[in-house]
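Each chain, letter by letter, is given below.
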Amino acid sequence: MNLASVVRAEQKLLLPTYDRHKVLFTHGRGVYLWDSKGKRYLDFVSGIGVNALGHAHPAVLKVLRQQAAKMIHSSNLFYHPYQAELAKRLTKISVLDRVFFCNSGTEAWEGALKLARAYARAENRNGNKAKWRLLALDNSFHGRTFGALATTGQQKYRDPFVPLLPGVEFVAFNDLEDLQRQFDESVCAICLETIQGEGGIHPISPEFLALARELADRSGALVLLDEIQCGLGRTGEYFAFQHYGIKPDIVTVAKPLAAGLPLGAVLTTERVSGGMHPGLHGTTFGGGPLACRVAIEYLRQLEGLLGHIRQLGKYFLGELERLHSKHSVVRAVRGIGFMLAIELESTDAAKQVVSRLLAQGILINRTHETVLRFLPPYITKAKHVDALIAALDRELSALSSAPKSPSKSGRTKVAA
Ligand SMILES: Cc1ncc(COP(=O)(O)O)c(C=O)c1O
């Protein structure tokens, strides 16, 4: 099948959920993908943060082949050796105590919301005041299922599906006063992405996260962190919350966890896990032996990459800031590690840069209309960053109307 026939067939046969770029990828290796015409692309999208070890990583392939030949699925009715082993590694790096495995980001977030309500209800049994409200943030994104949509602070995703889960209210982003005002004893959880991803790479401020922790501690509510995009190494630490020195009650991860296979996880404390009991939550596919074994290998590889992400991420950010100083079309530069973005002055400008880079064989992604997002694989080297920066420089020059002073900076600090 060629590109034209695939496009025709999809248009006829699939639900029209995606507006895809007209590229038919056939295979990948390392930081590169190839299309059906043999053209090579440098990948700064990594499947929206999924292919963190790049494509066809030899260690991943080895484990995949071994485990696929042994057992792919066994169900959660029985034991297999790898959920406990993976949970041991995840709890060690997060300093949390227990894990629930599922299949995707949105499913992990649903599990987190259910766990928060289950915990609140279990506490109620002890005679405490009822807690049910969920405070979420403006501009957030937690997924496409109903609970995740209900806590997603963007009308374009929510409005077509109302009525949604009741009991959710939104706090203005990083607004301490608004959080104080809306928080009371009825709140069962404060729901946050440590760094908003889809919303345009906006880190939560250290003060806001500290206040959320303090309010939750005082009343017995929970802090839920969605690290589906920013977790598992993307910022140069295992978890983005580790930049803040604050421990959440529940953390969700997914995207890179099984290096391309679907796997998500909810991590929590011993105390909060008391809200669960057999039969209250579950999944058919989640935590299967194949995905778990690959995830164990992923975490093994990640250990040796964190320093590289921190170091090259700093260089990458510096280069983006240089472009910001040089090109008036750039409004801001944000992010940390390998989760970086530049915001342009218009949607058209951002669309043009994405499609011009695609034509030149470089994949980047546009989010929140005007934001160019960079989520490269962790094996990306300085020479790949340089190739991207040179291409961006050319395209921004083509867009920029007037040069401006090099002193301005729109960067947001992640932690104090
Ligand atoms: C922060 C965050 N939460 C949740 C999700 C939903 O994950 P999934 O698409 O795997 O359901 C995403 C996906 O982009 C995300 O970035």
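Up top is the structure these notes are about.
This structure is a prediction, so every number in the text was calculated from the model and none was measured. (Residues numbered from 1 in each chain as written. Predicted model: local features only at pLDDT ≥ 70, side-chain atom pairs only at ≥ 80, totals over all residues. Heavy atoms only, no water.)

1. With respect to the site of the ligand
Around the ligand, the neighbouring residues are Ser104, Gly105, Thr106, Phe141, His142, Gly143, Glu193, Asp226, Ile228, Gln229 and Lys255. Residue Phe141 places a main-chain N or O atom 3.5 Å away from a nitrogen atom belonging to the ligand. Within the side chain of Lys255, one N or O atom sits 3.0 Å away from an oxygen atom of the ligand. Considering the ligand on its own, with 390 Å² of exposed area, one finds that the protein chains cover 80% of that surface. Partitioning the shell around the ligand into residue classes produces 2 nonpolar, 6 polar and 3 charged. (Near = heavy atom within 4 Å. Polar contact = N/O pair within 3.5 Å; in protein donor to acceptor, adjacent residues only side chain to side chain. Areas by Shrake-Rupley, 256 points an atom, 1.4 Å probe, with all protein chains shown as cover. Nonpolar A, V, L, I, M, F, W, Y, C, P; charged D, E, K, R; others polar.)

2. Details of the nonpolar core
Counting 86 residues, the largest nonpolar core has Leu90, Leu320, Ile364, Leu372, Phe374 and Leu392 as its most contacted members. At 8 residues, helix α11 (residues 289-303) tops the list of elements feeding residues into this core. With near-sequence residues (within four places) excluded, Leu320 lies in contact with Val333, Leu340, Ile342, Phe374, Ile389 and Leu392. In this structure, Ala108, Ala120, Ala136 and Ile250 belong to the second largest nonpolar core, which totals 28 residues. (Core = buried A, V, L, I, M, F, W, Y, C linked by side-chain atoms within 4.5 Å. Buried < 20%, exposed > 50% of the residue type's maximum accessible area, 1.4 Å probe, protein only. Helix = DSSP H or I, 4+ residues; strand = E, 2+ residues; numbered from the N terminus. Contact = heavy atoms within 4.5 Å.)

3. Structural notes on helix α4 (residues 82-94)
Between its first and last C-alpha, α4 extends 18 Å over 13 residues, near the 18 Å set by a 1.5 Å rise per residue. Taken as a whole, α4 has its buried residues at Tyr82, Leu86, Ala87, Leu90, Thr91, Ile93 and Ser94. The buried residues of α4 occupy an angular sector of 165 degrees when the element is viewed end-on, so they sit on one face. Residues Ala84, Lys88 and Lys92 are exposed on α4 and point more than 90 degrees away from its buried face. Where the residues of α4 are buried, they touch α3 (58-70), β4 (98-102), β12 (264-268) and α11. Positive phi appears at Val95, one or two residues downstream of α4, with a value of about 60 degrees. (Expected span 1.5 Å × (residues − 1). Arc of directions from axis to C-beta.)

4. Some remarks on the sheet that holds strand β17 (residues 371-374)
Hydrogen bonds between backbone atoms are what pair the strands of a sheet, whose relative direction is either parallel or antiparallel. Ordered in space as β13-β14-β17-β16, the 4 strands form an open sheet in which the pairing is antiparallel. Strand pairing shows two members of the sheet lacking a second neighbour, β13 (330-336) and β16 (365-367), which therefore form its edges. Across the sheet, the mean angle from the axis of one strand to that of its neighbour is 25 degrees, orientation sign disregarded. In this sheet, β17 lies alongside strand β14 (residues 339-344) in antiparallel orientation, the contact comprising 4 bridges. Among the inter-strand pairings, Ala341 is bridged to a residue of β17, identified as Arg373. The sheet strands contacting helix α12 (residues 306-326) are β13, β14 and β17, and the helix crosses β13 at an angle near 170 degrees. (Pairing = 2+ DSSP bridges. Axes fitted to C-alpha atoms, helices over the stretch in contact; angles between N-to-C directions.)

5. Quick word on the pattern of salt bridges
Taken as a whole and assessed by the stated rule, the structure comprises 19 salt bridges. Here Asp178 and Arg181 are joined by a salt bridge, their closest N and O atoms 2.5 Å apart. In this pair, Asp178 and Arg181 both sit in helix α8 (residues 176-182), 3 residues apart, roughly one turn of the helix. Taking the relative accessible area as the measure of exposure, Arg181 reaches 64% and is therefore exposed. Across the pair Arg334 and Glu343 runs a salt bridge, and its minimum N-O distance is 2.7 Å. (Salt bridge = Lys/Arg side-chain N within 4 Å of Asp/Glu carboxyl O.)

6. Focus: the packing of aromatic side chains
According to the stated counting rule, one finds 8 aromatic pairs in the structure shown. Taken together, a centroid distance of 6.4 Å and an interplanar angle of 90 degrees make the contact between Phe146 and Phe161 edge-to-face. Here Phe146 is found in helix α6 (residues 146-150), whereas its partner Phe161 is found in the loop between α7 (155-158) and β6 (168-171), with 15 residues between them in sequence. An aromatic cluster of at least three residues, connected via ring pairs, comprises Phe44, Phe316 and Phe374. Over the face of the ring belonging to Tyr32 we find Arg40, whose NZ or CZ atom lies 3.8 Å from the ring centre. (Phe/Tyr/Trp six-rings, centres within 6.5 Å; stacked < 30°, edge-to-face > 60°. Lys NZ or Arg CZ within 6 Å of the ring centre and 35° of its normal.)

7. Digging into the environment of Lys255
Assignment of secondary structure puts Lys255 in the loop between β11 (250-253) and β12. The exposure class assigned to Lys255 is partly exposed, which follows from its relative accessible area of 22%. In this structure the C-alpha to C-alpha distance between Lys255 and Glu227, which are 28 residues apart in sequence, comes to 9.3 Å. Among residues more than four places away in sequence, those in contact with Lys255 are Ile48, Gly49, Val50, Ile228 and Gln229. Reaching out from Lys255, the side chain makes a polar contact with the backbone oxygen of Ile48 at a distance of 3.2 Å.

8. Brief notes about the side chain of Ser205
Inspection of the secondary structure puts Ser205 in the loop between β9 (202-203) and α9 (206-219). For Ser205, a relative accessible area of 14% puts it in the buried group. Separated by 3.1 Å, the side chain of Ser205 and the backbone nitrogen of Phe208 make a polar contact. Ser205 has contacts with Asn174 and Tyr244, leaving out every residue within four places of it along the chain.

9. Points about the pairing of β11
Residues Ile250 and Thr252 of β11 are buried on one face, and the alternating residues Val251 and Val253, pointing to the opposite face, are buried as well. Here 3 bridges tie strand β10 (residues 222-226) to β11, and the two strands are oriented parallel to one another. Counterpart to Leu224 in the pairing with β11 is Ile250.

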